[in-house]
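# Coordinates in review
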Amino acid sequence: MNEVQIREIVKKQRKWFYTGATLPVERRIEALTKLQICIRKYEDEINQAIKKDLGKSAFESYMCETGLTLSEISYMLKHIKRFAKEKTVWTPLAQFHSRSYKKPSPYGVVLIMSPWNYPFLLTMEPLVDALAAGNTVVIKPSAYSPHTSEIMAKIIHECFDEKDVAVVTGGRAENTYLLEEKFDYIFFTGSQAVGKVVMEHASRHLTPVTLELGGKSPCIIEESTNIKLAAKRVVFGKYLNCGQTCVAPDYILCDAKIKDVFVNEVKKQIRKQYGKQPLKNKNYGKIINEKHFKRVCGLIDSEKVVYGGKSDSATLQIEPTVMDHVTFDDAVMQEEIFGPIMPILTYDSLDQVIQKINSMAHPLALYLFSSDKEVISKVTSRCSFGGGCVNDTIIHLATSEMGFGGFGESGMGSYHGKEGFDTFSHYKSVVDKKTWLDLPMRYQPYRKIYDKLIHVFLK
């Protein structure tokens, strides 16, 4: 799609938005219901597309993508009428007699730029929130997941007119054309490097943005934890989607006293969950492309590998890998891994762990495995991070009752459920002043009023 076509889409959507057609709540409900029906209709094709792009099994695709999207739609359909209502707030006595209220209003034309690692979920879920809030939407999915982009375009074209929702496919050129346009809101999920570019372009139009980025999310294994359960849940979170998850535990900070026991349990869990030959497991996925495959392979230090480490360039697969005796100076600790490598670092002092985490870029997620309430309170209070779990991984993003997002280097803003509706809404503060009473004291000439007040008080 060329620059002129993209400009026409944005122009058409803005013209349509200003007719007020997207505002009625019943119309928003109708749009979400259409989308819900269409996703269910094409569920098999969605699974096949994700399988081609990332090698995910149908179960994993439903668990982590389609199912979560449908859950978000159901949540919005249940609550949208309440979310869209004006909210009356207290009015100060000085504004007697008035009604003060906050009115949720859509921003207008929204741009959603999505990544390749969860290509369906991270496109459709913000779309659901944006539509629920009453916006028109332009979607730009990643060029790295073309099969999923194709089925999403098919669904969108079947459900919506282009003036409501449009899909722009392509690569960097299309991204550039889109970012040159003036949108009323931009929602971006992806890398920190591209996030900076998006924010720079948005600043030229003073366009508000939500940035869902990533970073090196730590996982602390404290000595009081249930080690077997911790290993089981860490292996699940780390190797899900071959580690290509923005909230995957990036590295392990394990109490030195229990490190060997924990590593042994991790090895057992990898064998149990993925088999002795993971590269032959039909439910084990692949790295998205050759570029990222080579990058991830380059982070593996064979001298520090204590489990896995093998790869297949023909299938772009890398075994679930564990590296021990890792330090913060190693290559694997210099960037977000985004692959199936688990570096194990140890600590002797929890205070040093907290200090180290806070000295680094703010992570999108933090995970803590502990049975000690004081430790849990200390870590969750003093460490800076976007969100996370205690005694589990990943699952904090799987609820519409809590917002999901980072801060600082891991992003800004959040979405899911009410937070998602709020993200794509501007709340107008309105005072509705009645006309039957008009107090004179606020009008000039002030001296005359002041003299009368003094006279009254001195009398």
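Whatever comes next refers back to the structure up there.
I will try to describe carefully the structure that is included in this document. (Residues numbered from 1 in each chain as written. Predicted model: local features only at pLDDT ≥ 70, side-chain atom pairs only at ≥ 80, totals over all residues. Heavy atoms only, no water.)

Let us look at the sheet that holds strand 1 (residues 87–89). Strands sit in the order 1-2-18 across an open sheet of three strands; the sheet is antiparallel. Every other strand in the sheet has two partners, leaving strand 1 and strand 18 (425–433) as the edge strands with one partner each. Recorded for the sheet is a direction-independent mean angle of 30° between the axes of neighbouring strands. In this structure, strand 2 (residues 98–106) lies alongside strand 18, joined through nine bridges in antiparallel fashion. If you follow Ser 105 over to strand 18, its bridge partner there is His 426. (Pairing = 2+ DSSP bridges. Helix = DSSP H or I, 4+ residues; strand = E, 2+ residues; numbered from the N terminus. Axes fitted to C-alpha atoms, helices over the stretch in contact; angles between N-to-C directions.)

Our focus in this paragraph is a nonpolar patch on the surface. A grouping of Leu 93, Phe 96 and Trp 436 is seen on the molecular surface, where their side chains present a nonpolar patch of about 400 Å² in accessible area. By secondary structure assignment, the location of Leu 93 is in the loop between strand 1 and strand 2. (Patch = residues over 30% accessible without salt bridge, like charges linked within 9 Å, V, L, I, M, F, W, Y side chains within 5 Å. Areas by Shrake-Rupley, 256 points an atom, 1.4 Å probe, with all protein chains shown as cover. Salt bridge = Lys/Arg side-chain N within 4 Å of Asp/Glu carboxyl O.)

Let us look at the packing of aromatic side chains. Under the counting rule described, the total for this entry stands at 13 aromatic pairs. Ring centres of Tyr 107 and Tyr 185 lie 4.8 Å apart, and the angle between their planes is 45°; on these two criteria the pair is classed as tilted. Of this pair, Tyr 107 sits in the loop between strand 2 and strand 3 (109–113) while Tyr 185 sits in strand 6 (residues 185–189), placing them 78 residues apart in sequence. Judged by relative accessible area, Tyr 107 falls into the partly exposed class, the value being 27%. (Phe/Tyr/Trp six-rings, centres within 6.5 Å; stacked < 30°, edge-to-face > 60°. Buried < 20%, exposed > 50% of the residue type's maximum accessible area, 1.4 Å probe, protein only.)

Another aspect to go through is helix 11 (residues 290–297). One turn of an α-helix holds 3.6 residues; hence residues three or four places apart share an orientation. Among all positions of helix 11, only His 292, Phe 293 and Val 296 are buried. With its buried residues spanning 105° around the axis, helix 11 presents them on a single face. Pointing more than 90 degrees away from the buried face of helix 11 are the exposed residues Lys 291 and Lys 294. Against strand 11 (311–312), strand 12 (317–318) and strand 14 (341–347) lie the buried residues of helix 11. (Arc of directions from axis to C-beta. Contact = heavy atoms within 4.5 Å.)

Look at helix 10 (residues 259–274): 22 Å from first C-alpha to last across 16 residues, which is about the 22 Å you get at 1.5 Å a residue. For helix 10, the complete set of buried residues consists of Lys 259, Phe 262, Val 263, Glu 265, Val 266, Gln 269, Ile 270 and Tyr 274. The buried residues of helix 10 occupy an angular sector of 160° when projected down its axis, which confines them to one face. Turned more than 90 degrees away from the buried face of helix 10, the exposed residues are Asp 260 and Lys 272. Buried residues along helix 10 sit in contact with strand 8 (218–221), helix 9 (227–239), strand 9 (251–255), strand 10 (305–307), strand 13 (321–323) and strand 14. Two residues or fewer after helix 10 comes Gly 275, characterised by a positive phi angle close to 85°. (Expected span 1.5 Å × (residues − 1).)

With 114 residues, the main nonpolar core has Leu 35, Leu 127, Ile 155 and Phe 262 as its most contacted residues. Among the nonpolar cores identified, the runner-up in size contains 19 residues, and Val 109, Met 113, Phe 188 and Leu 213 belong to it. (Core = buried A, V, L, I, M, F, W, Y, C linked by side-chain atoms within 4.5 Å.)

Let's shift gears to the side chain of Glu 181. If you trace the backbone, Glu 181 turns up in the loop between helix 7 (172–180) and strand 6. Accessibility expressed as a relative area gives 12% for Glu 181, which makes it buried. Engagement of the side chain of Glu 181 in a polar contact is seen with the side chain of Arg 7, the distance being 3.3 Å. Ignoring any residue separated from it by four or fewer positions in sequence, one finds Glu 181 in contact with Ile 6, Arg 7, Val 10 and His 205. (Polar contact = N/O pair within 3.5 Å; in protein donor to acceptor, adjacent residues only side chain to side chain.)

Between helix 2 (residues 25–41) and helix 5 (residues 121–132), the least distance of the axes is 9 Å, while the angle of their chain directions is 160°. Between helix 2 and helix 5, the angle is such that the two are roughly antiparallel. Here Arg 28, Leu 32 and Leu 35 of helix 2 lie close against helix 5, whose contacting residues are Met 124, Leu 127, Val 128, Leu 131 and Ala 132. Across the contact of helix 2 with helix 5, the residue classes break down as seven nonpolar, no polar and one charged. (Parallel < 35°, antiparallel > 145°, perpendicular 65-115°, else oblique. Nonpolar A, V, L, I, M, F, W, Y, C, P; charged D, E, K, R; others polar.)

Counting buried positions over the seven residues of strand 14 gives six, a clear majority of the element. Note that strand 9 and strand 14 share four bridges and pair parallel. By the bridge assignment for strand 14, Cys 254 is matched with Thr 346. Note that strand 13 and strand 14 share three bridges and pair parallel. Among the inter-strand pairings, Met 323 is bridged to a residue of strand 14, identified as Pro 343.

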